[in-house]
2 protein chains.
Amino acid sequence: MSKVTIRHVAEAAGVAVKTVSRVMNGEPNVTRDLQDRVMKAVDALGYVPSMAARRMGGSRSFLLVALNDRLNTINNWRSGRGNDWIDQMLHGAMLTCEAHGYRMLFELVEAGSDDLDRKVVAILSALQPDGIILTPPHSENRALVEMLTRRQVPVARMGVRGEGLGFGVFMDDRRAAEEATRHLIGLGHARIGFIAGSPRFQASRQRREGYADALRSAGLTVDEALIAPGDFTFESGVAATERLLALPDRPTAILASNDEMALAALHVASRRGIGVPDLSLVSFDDTPGVRLSVPGLTSIRQPISDMAARAAELLIGVSKTGDATPSDHLLPFGLEIRGSTAARQ
Amino acid sequence: MSKVTIRHVAEAAGVAVKTVSRVMNGEPNVTRDLQDRVMKAVDALGYVPSMAARRMGGSRSFLLVALNDRLNTINNWRSGRGNDWIDQMLHGAMLTCEAHGYRMLFELVEAGSDDLDRKVVAILSALQPDGIILTPPHSENRALVEMLTRRQVPVARMGVRGEGLGFGVFMDDRRAAEEATRHLIGLGHARIGFIAGSPRFQASRQRREGYADALRSAGLTVDEALIAPGDFTFESGVAATERLLALPDRPTAILASNDEMALAALHVASRRGIGVPDLSLVSFDDTPGVRLSVPGLTSIRQPISDMAARAAELLIGVSKTGDATPSDHLLPFGLEIRGSTAARQ
DNA sequence: CCATTATCTGACAACGTTGTCAACCTCGCG
DNA sequence: CGCGAGGTTGACAACGTTGTCAGATAATGG
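Residues numbered from 1 in each chain as written. Chains lettered and ligands numbered in written order. Predicted model: local features only at pLDDT ≥ 70, side-chain atom pairs only at ≥ 80, totals over all residues.

A. Structural view of the protein's contact with DNA strand C. Within the structure, DNA strand C sits among 29 residues, and A:Ala16, B:Ile6, B:Ser21, B:Gly57 and B:Gly58 are positioned closest to it. Looking at the surface near DNA strand C, the elements that each hand over two or more residues are helix H2 (17-24) and helix H4 (51-57) of chain A together with helix H1 (6-13), helix H2 (17-24) and helix H4 (51-57) of chain B. Its residues assigned to classes, the surface near DNA strand C shows 13 nonpolar, 11 polar and five charged. (Near = placed C-beta within 6 Å. Helix = DSSP H or I, 4+ residues; strand = E, 2+ residues; numbered from the N terminus. Nonpolar A, V, L, I, M, F, W, Y, C, P; charged D, E, K, R; others polar.)

So, in structure tokens, the structure goes:
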């Protein structure tokens, strides 16, 4: 009924405590016979090792930490917009951790904070995780990654190339934007507006490049007037769309750098009596909102849960093998075609 | 650079290890003088106590577990619908935990599983949390709650009354449905359709009652033909809506038992060329999708993050004071009025 | 058949913290 | 002035596991 420890199992199986430990951790050099006896006792008693004690005794903690930007995350929550990114991370990382007997803990730290290092170190000291998953913009913070590497904490960086510093797990934003734009060109669109994202994110800049790539390789000119700045917020999407639709020769299609701004475009168009897909619309991120909107938005799907799963896998691998050689992992994106894109009239 | 332990702090401050411990835990009977010396050393060294060691030595783990239904959660993820419930839980519980120096870990267990108890006990053994937050349907599982209580694990139950067994943190679904219905009646609607939820959930049954309450108190008759069964899925929402709209004297408004089914109603209406709010629509849950749909849906907002925050608070309170006297906590819901409801033409 | 090695098993310390208890100090009171 | 009560501090064991190392046993080769 009460707590059952490794000692109880050892006693029941008539072996040393250390032998039980060996069996539980799949270590070699245990005869089949003893293994069976131990496993039988484990099942009978319902023994499960205590994470805390494992951490204390051994060198592993069976814990990963996912570090997210505090401000951004909380703003998403407060706005009622929800936080699809975190949800997807949970999806991928949690299931992967579960499969390996690990756990994942979310932590929020403000990216701009001047004592960022201190806060991160506090988390490391308290939890002593076997690895840490960085999401943007933390994943782009080279100084942070260097600090973690110095402290021998395995790092997986989401959404960016690792470039020899930790693991990089990312998709090709440039090619994704290119493919989205090509989709529109294929539908006969020639004047395609682009709503940019905040340029401080690598991904934003790449998306813009990809947009230009597609135009150029189709022999179209890149008209700067068709590129409107945005910062990923709904409001900035509204402003950008109004600007684009006010052009004398207005675009017949718009590519937005994220869902939020694309939905803003949808609202603005609807308010102006412009139907979608009379104005074709493509977005980035494929969050739940754009599948449920009317019409559903054609969108680039980021493989967030796959990236998180891979990140967790890599870190768990380090914890098991001790090999933390940096590597980069490009994951495929998807273009989900829905009702918001159609042939130009 | 390296790990700094309580011993280092004790040495630096010239006090006993136990004194540092006392200061860190805000225990009484430490002179101001020593307190300051210790805190100075703590700051200088950047000391943060190790969770694992705290758990080992003491009786608290500074850890809460949130138990969710595995199947439901994973289905939501797989379907690409996202998991607003979990996201909101994170929002409320994580911030509360953070404020108290606690952490929260999500765990998934299949509600229907025949060795549910075993799985839950395994989680308890591994993590030894200071409390556990149950979400539906786990929170409605009386046997489970009883087992946990027997094992002295403080329990907070989301979405249901505690009724003397653990903490109950919930909203009044019946009154919420009543208010939503009254809103429609106030707009002049008399024939109001209702899309029910799966009756195995307490909340579903209560919502239906509330719907009937409002009709009756307005002097309207409850027409069974206007009540269509559903099971919270989009598909069931489609079927239910088609059934309601096929009625000879079709409803001018529909109240759906969740967002998913309401969005289905929106789709069906749009397909049939019926505009919303010509057909007025109200939903339950107020997930991000219904704010972004066109038009935005009037919806009952469940205070999920507030409930989660309260649940965490209660459990942390138990861990601090030792008092686990059961109590119930009714939290207010909100009726978010958007473009999907309008006066009857 | 012995010497040597490889395989297997167990005893024991260590991890970093808190609970317990005893010692000491300082008051206030008789 | 002595004594008890209460406040303050510290020494030490304990928590449940794994790392280390030494001892026992089995396999291998001469």
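Next, the rest of the story.
B. Main features of the protein's contact with DNA strand D. In the vicinity of DNA strand D lie 28 residues, with A:Ile6, A:Ser21, A:Gly57, A:Gly58 and B:Ala16 positioned nearest. Of all elements in the fold, only helix H1 (6-13), H2 and H4 of chain A together with H2 and H4 of chain B reach the threshold of two or more residues within the surface near DNA strand D. Looking at side-chain class alone, the surface near DNA strand D contains 12 nonpolar, 11 polar and five charged residues.

C. Broad picture of the pairing of strand S5 (residues 167-170) of chain B. Residue and element names in this part refer to chain B. Here S5 shows a buried face lined by Phe 167 and Val 169 and a second buried face lined by Gly 168 and Phe 170. One ladder, built from three bridges, connects strand S4 (residues 155-158) with S5; its direction is parallel. Each residue of the ladder has a partner; that of Met 158, found in S5, is Val 169. For S5 and strand S11 (residues 328-330), the ladder comprises three bridges, and the chain directions are parallel. (Buried ≥ 20, exposed ≤ 12 C-beta atoms within 10 Å, placed from the backbone. Pairing = 2+ DSSP bridges.)

D. Quick look at unusual backbone geometry. Note that the residue after B:Pro136, namely B:Pro137, is joined by a cis bond; omega there is 0°. Positionally, B:Pro137 belongs in the loop between strand S3 (131-134) and helix H8 (142-150). Residue B:Pro277 is reached from B:Val276 by a cis peptide bond, and omega for that bond is 20°. A positive phi angle is found at A:Gln152, which is not glycine, with a value near 65°. With respect to the helices and strands, the residue A:Gln152 is situated in the loop between helix H8 (142-150) and strand S4 (155-158).

E. Representation of the domain arrangement of chain A. Residue and element names in this part refer to chain A. Its domain assignment divides chain A into domain 1 (6-49), domain 2 (63-171 + 304-333) and domain 3 (173-301). Taking only C-alpha atoms, the centre of domain 2 and the centre of domain 3 are 29 Å apart. Opposite the eight residues of domain 2 that make contact, domain 3 presents nine residues. Of the residues assigned to the side of domain 2 that touches domain 3, the class counts are five nonpolar, one polar and two charged. (Domains from an automatic or database assignment. Contact = placed C-beta atoms within 7 Å.)

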